[in-house]
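Reading the structure
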Number of protein chains: 2
Amino acid sequence: MGQHTVTSFDEDLNAIDRLVHDMGDLAADMVVASTRSLVETDAVLAQRVISDDAIMDARQRELDDRAITLIAKRQPVAQDLRAVVGAIRMAADLERIGDLAKNISKRVSAVGEGSAPRSLSHSIDAMAQSVVAQVHEVIAAYEGRDSEKLKLLRAADENIDIQYTRVFRELLTYMMEDPRNITTCTHLLFCAKNLERIGDHVTNIAEDAYYVMTGMQLPLYRPKADETSVAD
Amino acid sequence: MGQHTVTSFDEDLNAIDRLVHDMGDLAADMVVASTRSLVETDAVLAQRVISDDAIMDARQRELDDRAITLIAKRQPVAQDLRAVVGAIRMAADLERIGDLAKNISKRVSAVGEGSAPRSLSHSIDAMAQSVVAQVHEVIAAYEGRDSEKLKLLRAADENIDIQYTRVFRELLTYMMEDPRNITTCTHLLFCAKNLERIGDHVTNIAEDAYYVMTGMQLPLYRPKADETSVAD
């Protein structure tokens, strides 16, 4: 890298944390753009999200490489080791969020053929906004070392599960009303499910960040408000 | 843990590889059991799969801990480092396979209320058998250091995508025929999708194993035969 090797552990870790930050921003952008591409049937925007996923993958690889090199070089223990391993785990969840956003955008052409009822687009859009807020907040709480905020965030995932259950039922109703809605609604169902799963990944990130900060696990129990028994 | 510290890198790595093997066996068992619980509406078996997922999670944590300790302690480079990092990645994919199997079993009660047509159960069962064979084969190819087999396995995922597309269309047909099928078929759709995603995780494992063995990436391009544009 041509750098002087005076770089301290903290400097190396800061570089890794900057990558977590960038991946968090990219993940949130991808969720916003994927939902917009779906709701507005915007094929160009959908393609951009699909391309962004390659950037996300490259950043995760870079983060992993830096983290493994750091562990091998400095042999960190305790809090320092937790910080590096925590960053690897958070990056894996952020990469999965990017994947899920990409998969929403991949359905844009299939959904475009049908017509989603206006109220349904609204429900999905509202769900996406909650999810995006969660992504931003978990990264901010990690950077601000705000462990109390992380606890609240994890609980807030319930709200997303409730929104998902509502969208799920709304979709079933449309399918039952008119069989011509079935194909479109099936694709929208997967999109809503992907948003719900993004919420689960935010929860994972909150748990990892909490562990990095405190060395303790958040209590395992988390009430699951997704009543469609479709937790994933 | 009262072992003498003469343990060589290879011995530590073998212990990690045994965990990969165990996780592979458990993953395959969980896929078999989850599909059986679904097709036969067996709530007891479904509960066992849900419990198995906790075992899977514990094994992944153990593997991660051992791998990180090994990297910190021995500072491996090149092939040795690839082997440890590869094991971490494979374990992450196996854990995801366990999650997906668990989520199939979580739907058993919801599906049980309706009645899945016989031919449909057969299609899902056939798909699960292909997926389980892939899980076993990828672990065997990794253990046998059979890089040629890994290439074939990755290509075989196309077959699973084709089966998924068939199940997807079959489900849409049932939904359109009779609105009373919609709720059940929606749950089955998610189950089939989970099987398809398990196939994708096998592909990831094949790619990681190939990298461990050869230090090279399998070519990035992989034809995607899932025509429902629901790649995930």
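Refer to the structure presented above.
Here we summarise the structure given alongside this text. (Residues numbered from 1 in each chain as written. Chains lettered and ligands numbered in written order. Predicted model: local features only at pLDDT ≥ 70, side-chain atom pairs only at ≥ 80, totals over all residues. Heavy atoms only, no water.)

Between chain A and chain B, the residue contacts involve 34 residues of the former and 35 residues of the latter. With both chains or domains summed, chain A and chain B bury close to 3,100 Å², and 61% of this area falls on carbon and sulfur atoms. One can count 2 salt bridges joining chain A with chain B. Where chain A packs against chain B, one counts 2 residue pairs in polar contact (both at pLDDT 80 or more). Counting residues per element, the ones that place at least two in the side of chain A that touches chain B are helix H2 (43-74), helix H3 (78-106), helix H6 (147-177) and helix H7 (182-214) of chain A. Tallied by class, residues from the side of chain A that touches chain B come to 18 nonpolar, 7 polar and 9 charged. (Contact = heavy atoms within 4.5 Å. Buried area = accessible area lost by both parts, 1.4 Å probe. Salt bridge = Lys/Arg side-chain N within 4 Å of Asp/Glu carboxyl O. Polar contact = N/O pair within 3.5 Å; in protein donor to acceptor, adjacent residues only side chain to side chain. Helix = DSSP H or I, 4+ residues; strand = E, 2+ residues; numbered from the N terminus. Nonpolar A, V, L, I, M, F, W, Y, C, P; charged D, E, K, R; others polar.)

This part takes up the side chain of A:Ser37. Residue and element names in this part refer to chain A. For Ser37, the location among the structural elements is in helix H1 (residues 9-39). For Ser37, a relative accessible area of 0% translates into the label buried. Within the structure, Ser37 has its side chain in polar contact with the side chain of Ser105 (distance 3.2 Å). Beyond its immediate stretch of four places on either side in the chain, Ser37 contacts Asp42, Leu45, Ala46, Ser105 and Val108. (Buried < 20%, exposed > 50% of the residue type's maximum accessible area, 1.4 Å probe, protein only.)

Once that is clear, we can look at the relation of the copies chain A and chain B. Least-squares fitting of chain A to chain B yields an RMSD of 0.0 Å, with the superposition described by an axial translation of 0.0 Å and a rotation of 180 degrees. Here the copies are linked by what is in effect a two-fold axis. No C-alpha of chain A approaches the rotation axis more nearly than that of A:Ala72, which lies at 2.7 Å. (Least-squares fit on C-alpha atoms with pLDDT ≥ 70 in both.)

The next point concerns a negative patch on the surface. Residue and element names in this part refer to chain A. Among the surface-exposed residues, Asp22, Asp25, Asp29 and Glu143 lie close enough to one another that they form a single negatively charged patch. Among the elements that make up the negative patch, the one with the highest residue count is H1 (3 residues). Topologically, Glu143 is positioned in helix H5 (residues 118-143). (Patch = residues over 30% accessible without salt bridge, like charges linked within 9 Å, V, L, I, M, F, W, Y side chains within 5 Å. Areas by Shrake-Rupley, 256 points an atom, 1.4 Å probe, with all protein chains shown as cover. Lys, Arg positive; Asp, Glu negative; His and termini not counted. Charge placed at Lys NZ, Arg CZ, Asp CG, Glu CD.)

Residue and element names in this part refer to chain B. Of note, Ser147 is situated in helix H6 (residues 147-177). Sequence separation of Ser147 and Tyr211 is 64 residues, and the distance between their C-alpha atoms is 9.2 Å. Discounting chain neighbours no more than four positions away, the residues touching Ser147 are Tyr210, Met213 and Thr214.

Keep in mind these numbers describe shape, not what the thing actually does.
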